[in-house]
Amino acid sequence: MAQLLYIETVGCQMNMLDSEMVVASLRRQGWEITPDIEQADTILFNTCSVRAHAEDKIYSALGKLRLWKEEHPEKVIGVLGCMAQKDQQQIFRRAPFVDLIVGPGQLQQVPELIEQARKGARQLVAVSRDRKDGSLAQIKRSHETFDPLRDPTMRPSPFQAYLRIQIGCDKFCTYCVVPMTRGPEQGRPADEIIEEAQLLADQGCLEITLLGQTVNSYHYQQGDEDWRLADLLEKLHEIEGIRRIKFVTSYPRDMDRRLLQTVHDLPKCSSYLHVPLQSGSDAVLTRMRRGYSVDDYRQMIGRISEILPEAAVASDFIVGFCGETEDEFQLTIDALREFRFKNSFIFKYSEREGTRAMDQLADDVPYDVKQRRNNLLLEIQNEISEQENQRFVGRTMDVLVEGRSKKSLKQGDQGPVFQLVGRTNCDRIVVFDGTERQVGQVLPVKVQDVTHHTLLGSIITEHAGPELYLLGSS
Ligand code: 5AD
Ligand code: SF4
């Protein structure tokens, strides 16, 4: 009988992709996935270290497995990803019954490590070198990934895929643990990326999302050719079958004119840009060492408005960062109102071991103040999102149908009708009625109503068939 794997993934899209790869490699060896943790032969947690809350949840989930593991010592428990890299052996102190600790750069070893654990080996650790442990080349090599091994059946949807183009980060924002857990910034070789995109297209994938911590800083030197994100987009755009290309997450200072012009000129490129501002106060940005001022960001927004007037820009914010005063927070509110983001991800500052902020700055904003600032910013963002969405009422948008929404099935004249959910080229979520057959198509949907989060519409049936319908408008 096949071995059963239970895997839980938290964190960013990088982690989703990492889990896809781990599952793909185990499936190739005959493993099957189970949604039932009790039934599993191996339990893996793919973890995130960006905020303490994400780690606490994993420790609590591990705690619940203590007795289960005592009763079933032959079963294997593994902690993968950023928390494994950051805490390493420390995890055994809190959960000594864990069998495997595997960093993001060692995930290709998971099947072999599980095998060893099944044969009785205990407390196995495979992690990358620390940022000061060896030459840059050695450190970089220890963080490399194993992306080319893909398995279409393991993607969240058969027609959408993530494609990693960059590993690690060298920006060292003072609050952030990523440069330590994911290692030095490295662009993946352009030909590998193009080959992988071609493979995805051959597997029926319509939309690819290019991933990198600072994806628009991508560069790769191949002989005397210097590849940038714009060059990659041009090449990927030529691949038949791929209809939409997105990239996340961008870094404000590297959002240059050439990249924006390329996104404008290539109709398959999504006009969605996720470029975190983090704070609207120059003093806070300096303490965060983000490397730009609010005015630099304003100029970037100016370039976007000029070259890509239809673009939807999204941001991240951290509230309650070390020493953030009411006046500084007010400047963040002002910036939010000025830049009118499509949406923002808002986080309460969480002190992280190994970061400069933890070493040099006091985490002195009380939790309830962080919470209040978080709520207020979210409230303002929701108002803005709803107002921005109102502009689309009456317009027809191209929607890539992703699947059924959580709402129940209705009986229509010509068979069952579902509530479907999809996304526009500018990454807005759209909900409408349709049939199962329409999943995976790009269809014209007329928007009738909106909330801050969603556009509500209906499919335009008198339009040319989906095969003839070209992408382009957002
Ligand atoms: N505390 C809170 N939020 C953080 N982020 C990164 N590090 C921290 C931290 N220590 C947020 C940033 C980043 C997003 C992925 O997570 O806003 O853009
Ligand atoms: Fe973290 Fe800053 Fe790198 Fe983003 S750019 S991953 S916030 S260090």
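Details of the structure are given in the entry above.
The notes below deal with the structure included here.

Calculation criteria
Residues numbered from 1 in each chain as written. Chains lettered and ligands numbered in written order. Predicted model: local features only at pLDDT ≥ 70, side-chain atom pairs only at ≥ 80, totals over all residues. Heavy atoms only, no water. Helix = DSSP H or I, 4+ residues; strand = E, 2+ residues; numbered from the N terminus. Rg over C-alpha atoms; globule rule 2.2 N^0.38 Å. Buried < 20%, exposed > 50% of the residue type's maximum accessible area, 1.4 Å probe, protein only. Areas by Shrake-Rupley, 256 points an atom, 1.4 Å probe, with all protein chains shown as cover. Lys, Arg positive; Asp, Glu negative; His and termini not counted. Charge placed at Lys NZ, Arg CZ, Asp CG, Glu CD. Core = buried A, V, L, I, M, F, W, Y, C linked by side-chain atoms within 4.5 Å. Contact = heavy atoms within 4.5 Å. Axes fitted to C-alpha atoms, helices over the stretch in contact; angles between N-to-C directions. Parallel < 35°, antiparallel > 145°, perpendicular 65-115°, else oblique. Nonpolar A, V, L, I, M, F, W, Y, C, P; charged D, E, K, R; others polar. Near = heavy atom within 4 Å. Polar contact = N/O pair within 3.5 Å; in protein donor to acceptor, adjacent residues only side chain to side chain. Disulfide = S-S within 2.5 Å. Salt bridge = Lys/Arg side-chain N within 4 Å of Asp/Glu carboxyl O. Pairing = 2+ DSSP bridges.

Quick look at the overall build of the chain now. Each helix and strand counted, the chain has 16 helices and 22 strands in total. For the chain, whose C-alpha radius of gyration is 23 Å, the value lies close to the compact-globule estimate of 23 Å for 474 residues. Projecting the C-alpha coordinates of the chain onto the three principal axes gives extents of approximately 65 × 55 × 50 Å. Expressed as a percentage of its 474 residues, the buried residues of the chain come to 55%. Looking at the chain as shown, the accessible area adds up to about 20,900 Å², and 49% of this sits on carbon and sulfur atoms. Computed over 58 positive and 70 negative side-chain charges, the separation of the two mean positions in the chain equals 2 Å.

Formed by 68 residues in total, the largest nonpolar core has its most connected members in Ile208, Leu210, Leu233 and Tyr297. Counting residues per element, this core draws most heavily on helix H13 (residues 294-307), which supplies 6 residues. Setting aside residues no more than four positions away along its own chain, leucine 210 makes contact with Leu163, Ile165, Val215, Leu229, Leu233, Leu236, Ile245, Lys246, Phe247 and Val248.

Bringing the packing of helix H1 (residues 13-28) against helix H6 (residues 110-118) into the picture now. At a minimum axis separation of 9 Å, H1 and H6 run at an interaxial angle of 60°. With respect to their mutual orientation, H1 and H6 come out oblique. The segment H1 lies against H6, with Val22, Ser25 and Leu26 engaging Val110, Pro111 and Ile114. Taken together, the residues of the contact of H1 with H6 break down into 5 nonpolar, 1 polar and no charged.

Now for the site of ligand 2. Taken together, Cys169, Lys171, Phe172, Cys173, Tyr175, Cys176, Val178, Pro179, Gln213, Thr214 and Arg290 form the complete shell of residues around ligand 2. Considered class by class, the residues forming the shell around ligand 2 number 7 nonpolar, 2 polar and 2 charged.

Note that arginine 244 resides in strand S13 (residues 244-248). A polar contact of 3.4 Å, which involves the side chain of arginine 244, links it to the backbone oxygen of threonine 424.

Below, the discussion takes up unusual backbone geometry. When glycine is set aside, most residues are seen to have a negative phi, and most peptide bonds are trans. Here the residue pair valine 248 and threonine 249 is connected by a cis peptide bond, since its omega of -5° sits within 30 degrees of zero. One non-glycine residue, arginine 289, lies in positive phi territory at about 50°. Take arginine 289: it is sitting in the loop between helix H12 (282-288) and H13. For arginine 289, a relative accessible area of 45% puts it in the partly exposed group.

Quick look at the state of the cysteines now. Summed over the entire model, instances satisfying the criterion amount to 0 disulfides. Cysteine 269 provides the cysteine sulfur closest to cysteine 205, a residue in no disulfide bond, and the two sulfurs are 15 Å apart. Take cysteine 205: its relative accessible area is 1%, and that puts it in the buried class.

The environment of ligand 1 is formed by Val50, Arg51, Tyr175, Gln278, Asp316, Ile318, Phe347, Lys348, Tyr349, Ser350 and Arg352. Between glutamine 278 and ligand 1, the recorded distance is 2.7 Å, taken from a side-chain N or O atom to an oxygen atom. Relative to its unbound accessible surface of 400 Å², ligand 1 loses 85% to contact with the protein. Elements represented by at least two residues in the shell around ligand 1 include exactly strand S15 (312-319) and strand S16 (344-348).

Turning our eyes to something else, we now look at the pattern of salt bridges. Evaluation of the coordinates by the stated rule reveals 33 salt bridges. The partner of arginine 391 in a salt bridge is glutamate 388, and the shortest N-O contact between them spans 3.3 Å. A salt bridge links glutamate 402 to arginine 423; the nearest nitrogen and oxygen atoms lie 3.4 Å apart. Of this pair, glutamate 402 sits in strand S17 (residues 396-404) while arginine 423 is found in strand S19 (residues 415-423), placing the two residues 21 residues apart along the sequence. Under the relative-accessibility criterion, glutamate 402 is labelled partly exposed at 23%. If you follow the salt bridges from partner to partner, you end up with Glu207, Arg244, Lys246, Lys342, Glu402, Arg423 and Asp427 in one network.

Taken in spatial order, the 3 strands of this open sheet run S14-S15-S16, and their pairing is parallel. At either end of the open sheet lies a strand with only one pairing partner, and these are strand S14 (272-274) and S16. Direction aside, neighbouring strands of the sheet carry axes that sit 10° apart on average. Across 5 bridges, the pairing between S15 and S16 is parallel. Counted as the bridge partner of valine 319 is lysine 348 from S16. Along the sheet face, helix H16 (residues 367-390) touches S15 and S16 and points at about 170° away from the line of S16.

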